[in-house]
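One-letter residues, chain by chain:
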Amino acid sequence: MKKGVLLVNLGSPDSTEVKDVKRYLDQFLMDERVIDVPYLVRAFIVRGIILRTRPKKSAEAYKRIWWEEGSPLIVLTERLQKKVQQLVDIPVSIAMRYGNPSLEAGMRELASQGVTEILLVPLYPQFAMATTETILVLAEKLRSTKFPNIRFTEIPAFYSHPDYVRVLSESIKEALQEKDWNHILFSYHGVPERHIKKSDITKSHCKIDGQCCQSSSPAHQYCYRHQCYETTKQVAEYLGLKEGTYSTSFQSRLGRDPWLQPYTDQTIENMAHQGVNKLAVVTPAFVSDCLETLEEIGMEGKDEFLENGGSEFHLIPCLNDRNDWAQVLSRWVSEWAAEPESVTHV
Ligand SMILES: C=CC1=C(C)c2cc3[nH]c(cc4nc(cc5[nH]c(cc1n2)c(C)c5CCC(=O)O)C(CCC(=O)O)=C4C)c(C)c3C=C
Ligand SMILES: [Fe+2]
């Protein structure tokens, strides 16, 4: 049995052309774990409403952050893969849940090297139905239909793993070393509130009332909100941040339904009004910088903050291809590779 690793990220359009952005958004938003309504309703919302106007707007936003080599998210995932590959003895490939390289292409690349046991690493610290779960479901579907000889082990959400907390905390410390700041905002990608309730395995714990995420529950294994707050808490402890000098918010909402709150855009504006004049923002739901960090926070969020009276705004880079992050991933991989049986570890 030969082992290999598949690092899986969200994905990006093939280019900033409107047609490519439209194709990507269609694949993304037609996923039943992203817009979780019956197919015909989803097709009406996505193809009848969102895709009529959003691709043009999103393409403009992608143009503002695109690199010569391509999408930052994909380029950074490739760079991370190269570093991890140098540190481990088994093949490491990457794949994207939407767009290219596809999950199928990533699995095929490993299979062509004789790999029959794959460690799936969804590059999301916190579990969500719209991210980790959709990767696992598609990977299993591909396995059963196209790669019947392959076995999977999945790396669990690592939102509170001491190695992850350490590298994230060190990255924040480093980014703010020479900077003046008086508040750190931990901004996580949002999800609709109903996603949290759907993922509640106890069917009764999640009330999204400010209390449930703090009390202990088996529901937390799949609770994105709990896991986000836990990441903030552990990083704050590691860095010795004082109460009141940091907070948590949720960005990038889509549509009219309630999403996790407080919303990042409103929080940034309020902070500027309330006299937080030097704001640092870290985005721990993303391990690679992307549209949502570089454009939504680094450009739109920054403008909003400065226009409303803030004086300094610092966007803390994601872990990207930091050496310490590549080392942590390679250690998790090596520990798994040394196991005789496929065992879920981290
Ligand atoms: C933690 C990671 C993410 C969660 C959770 C998530 C949920 C989620 N996203 C949308 C809709 C959009 N997201 C878009 C971009 C985008 N989302 C993530 C990550 C998570 N999404 C990333 C990394 C990116 C950037 C990709 C890149 O190429 O850089 C977009 C597209 C951009 C845009 O038009 O604004 C949409 C749309 C929903 C509906 C959702 C949960 C239900
Ligand atoms: Fe998203």
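These numbers come from a predicted model, not from an experiment. (Residues numbered from 1 in each chain as written. Chains lettered and ligands numbered in written order. Predicted model: local features only at pLDDT ≥ 70, side-chain atom pairs only at ≥ 80, totals over all residues.)

Peer 1: Hey, could you run me through the site of ligand 1 in this one?
Peer 2: Around ligand 1, the structure places 22 residues, and the nearest of them are Ser12, Ser58, Ala285, Cys290 and Leu291. Elements that contribute at least two residues to the shell around ligand 1 include exactly helix 2 (39–65), helix 5 (129–146) and helix 10 (291–307). Split by residue class, the shell around ligand 1 holds 14 nonpolar, six polar and two charged. Looking at which domains feed residues into the shell around ligand 1, each of domain 1 (3–157 + 323–338) and domain 2 (162–315) supplies at least three. (Near = placed C-beta within 6 Å. Helix = DSSP H or I, 4+ residues; strand = E, 2+ residues; numbered from the N terminus. Nonpolar A, V, L, I, M, F, W, Y, C, P; charged D, E, K, R; others polar. Domains from an automatic or database assignment.)

Peer 1: Any chance you could explain the domain arrangement of the protein chain here in plain terms?
Peer 2: It is common to give the size of an interface as the accessible area that goes away when the parts come together. The domain boundaries assigned to the protein chain delineate domain 1 (3–157 + 323–338) and domain 2 (162–315). For domain 1 versus domain 2, the separation of C-alpha centres amounts to 23 Å. Contact residues are listed per partner, giving 22 residues for domain 1 and 23 residues for domain 2. For the side of domain 1 that touches domain 2, the secondary-structure elements that each account for two or more residues are helix 2, helix 3 (72–87), helix 5 and helix 11 (323–338). (Contact = placed C-beta atoms within 7 Å.)

Peer 1: How do you make sense of the packing of helix 6 (residues 162–176) against helix 11 when you look at a structure like this?
Peer 2: Orientation of helix 6 relative to helix 11, taken along the N-to-C sense of each, is 175 degrees, at an axis distance of 10 Å. It follows that helix 6 is roughly antiparallel to helix 11 by the angle criterion. Listed contacts from helix 11 to Asp163, Tyr164, Val167 and Glu170 of helix 6 are Asp324, Trp325 and Val328. For the contact of helix 6 with helix 11, the residue count by class is four nonpolar, no polar and three charged. (Axes fitted to C-alpha atoms, helices over the stretch in contact; angles between N-to-C directions. Parallel < 35°, antiparallel > 145°, perpendicular 65-115°, else oblique.)

Peer 1: Is there a simple way to think about the UniProt feature "binding site: Fe(2+)" (unreviewed entry) in the protein chain in this case?
Peer 2: Mapped onto the present numbering, the UniProt feature "binding site: Fe(2+)" (unreviewed entry) falls at His189 and Glu292. The named residues occupy 104 residues along the chain; their greatest pairwise C-alpha distance, 8.1 Å, places them in one compact cluster. With respect to the secondary-structure elements, His189 resides in strand 5 (residues 183–189). When neighbours within four sequence positions are excluded, His189 is seen to be in contact with Gln251, Ser252, Ala285, Phe286 and Glu292. With respect to the element layout, Glu292 can be found in helix 10. What Glu292 contacts, discounting residues up to four positions off in sequence, is His189, Gln251, Ser252 and Phe286. (UniProt positions renumbered as here; feature names shortened; annotations may be inferred.)

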